[in-house]
Amino acid sequence: MSGKKGMDRFVSALEKYKYVALVAMVGVLLLIWPTPSERETASAQAQPRADPFAAGELEGRLEQALSQVEGAGRVTVVLTLDTSPRQVLAQEGRSVEGEGRTERETEVILASKGSGGQEPVEVQQLGPSYRGALVVAAGGDDPAVRLSLIQAVSALTGLGSDKISICKGK
């Protein structure tokens, strides 16, 4: 009978404290729930975003497009960068005045990512500035083809015609 009496006592206590027991079980589940390790989090943050201004990608697309110009033939494009692509990050600044001089302090503004991480707030993404372009084309000796190639490269890169060199290829 003592076993049945103990069981009744347990059931009545469970009935009385069922919400406390439920909250405790949820807490235990949250503690043992798998979370990403520091290594996984660091590797996810280290993965670079796709660069919309990748020079190699632009060279490939230029080669494809320029080879379609009538008389150009097979085309190879080489671009050189003056400045690389860069991000402009949101910053918060304040001026501190003291002893006849003013110091400006700035901090990058961070936004919360969903999993407790933070990342800087990007205001603007600036594209690269090109220094020059070399286009080697099979039909590069024809003046009409040269003009078409120079105009196309200039339109896509913003380079002046003096910064674009067209050479005859094999």
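In this text the structure is predicted, and so the values were computed from the model without any measurement. (Residues numbered from 1 in each chain as written. Predicted model: local features only at pLDDT ≥ 70, side-chain atom pairs only at ≥ 80, totals over all residues. Heavy atoms only, no water.)

(A) Local environment of the overall build of the chain. Counting its secondary structure elements, the chain contains five helices and nine strands. Secondary structure of the chain in N-to-C order comes out as α-α-α-α-β-β-β-β-β-β-β-β-α-β. The buried share among the 170 residues of the chain stands at 16%. Considering only contacts within the chain whose residues lie at least 6 apart along the sequence, 63% involve residues at least 24 apart. Only carbon and sulfur atoms are counted for the fraction: they give 55% of the accessible area of the chain, which is about 13000 Å². (Helix = DSSP H or I, 4+ residues; strand = E, 2+ residues; numbered from the N terminus. Buried < 20%, exposed > 50% of the residue type's maximum accessible area, 1.4 Å probe, protein only. Contact = heavy atoms within 4.5 Å. Areas by Shrake-Rupley, 256 points an atom, 1.4 Å probe, with all protein chains shown as cover.)

(B) Focus on the side chain of Glu59. For Glu59, the position within the fold is in helix α4 (residues 55-66). Buried and unpaired, Glu59 has Arg61 as its nearest opposite-charge partner, separated by 11 Å. Side-chain polar atoms of Glu59 contact the backbone nitrogen of Leu79, separated by 2.7 Å. Setting aside its immediate chain neighbours within four residues, Glu59 contacts Val77, Val78 and Leu79. (Lys, Arg positive; Asp, Glu negative; His and termini not counted. Salt bridge = Lys/Arg side-chain N within 4 Å of Asp/Glu carboxyl O. Polar contact = N/O pair within 3.5 Å; in protein donor to acceptor, adjacent residues only side chain to side chain.)

(C) Spatial organisation of the pairing of strand β9 (residues 164-168). Inspection of the sheet shows strand β8 (residues 129-137) paired to β9 by five bridges, in the parallel sense. By the bridge assignment, Ala137 is partnered in β9 with Lys168. Crossover β8 to β9 through helix α5 (residues 143-157) is right-handed. (Pairing = 2+ DSSP bridges. Right-handed = clockwise from strand over helix to strand, strands pointing away.)

(D) Highlighting the side chain of Thr157. Relative to the elements of secondary structure, Thr157 occurs in helix α5. Overall, the relative accessible area of 13% leaves Thr157 in the buried class. At a separation of 2.7 Å, a polar atom in the side chain of Thr157 contacts the main-chain carbonyl oxygen of Val153. Only 3.3 Å separates the side chain of Thr157 from the backbone nitrogen of Leu159, close enough to count as a polar contact. Those residues within four positions of Thr157 in sequence are excluded, and the remaining contacts are Leu58, Leu62, Leu79 and Tyr130.

(E) Summary view of a nonpolar patch on the surface. A surface patch of nonpolar side chains, amounting to about 560 Å² of accessible area, comprises Tyr19, Leu22, Met25, Val26 and Leu30. For Leu22, the location among the structural elements is in helix α2 (residues 18-32). (Patch = residues over 30% accessible without salt bridge, like charges linked within 9 Å, V, L, I, M, F, W, Y side chains within 5 Å.)

(F) Fine view of α2. Taking 1.5 Å as the rise per residue, α2 with 15 residues should run 21 Å; its terminal C-alpha atoms sit 21 Å apart, in good agreement. Counting buried positions along α2 gives zero out of 15 residues, so the element sits mostly on the surface. (Expected span 1.5 Å × (residues − 1).)

(G) The arrangement of the pattern of salt bridges in detail. The full count for this structure, using the stated rule, is five salt bridges. Between Arg131 and Asp82 there is a salt bridge, with the nearest N and O atoms lying 2.9 Å from each other. Taken together, the positions of Arg131 in strand β8 and Asp82 in strand β1 (residues 75-83) put the pair 49 residues apart, joining distant regions of the chain. For Arg94, the salt bridge is made with Glu107, and the minimal N-O distance between the two is 3.6 Å. Placement of the pair is Arg94 in strand β3 (residues 91-98) and Glu107 in strand β4 (residues 101-108), with a sequence separation of 13 residues. According to the relative accessible area criterion, Glu107 is partly exposed, its value standing at 44%.

(H) Highlighting the nonpolar core. Formed by 18 residues in total, the largest nonpolar core has its most connected members in Leu66, Val135 and Leu149. The residues touching Val135, leaving out its near neighbours within four places in the chain, are Leu66, Val75, Thr76, Val77, Leu149, Val153, Ser165, Ile166 and Cys167. (Core = buried A, V, L, I, M, F, W, Y, C linked by side-chain atoms within 4.5 Å.)

(I) Geometry of the pairing of β4. Pairing analysis gives eight bridges linking β3 to β4, with the strands arranged antiparallel. Following the sheet pairing, Gly98 is matched in β4 by Arg101. Remark: two residues form the turn of the hairpin made by β3 and β4, two consecutive strands paired antiparallel; Glu99 in that turn has positive phi of roughly 50°.

(J) Structural context of the environment of Val75. With respect to the helices and strands, the residue Val75 is situated in strand β1. Separated by 13 residues in the primary sequence, Val75 and Leu62 place their C-alpha atoms 8.8 Å from one another. In contact with Val75, not counting residues within four places along its chain, are Glu63, Leu66, Ser67, Val135, Val136 and Ala137.

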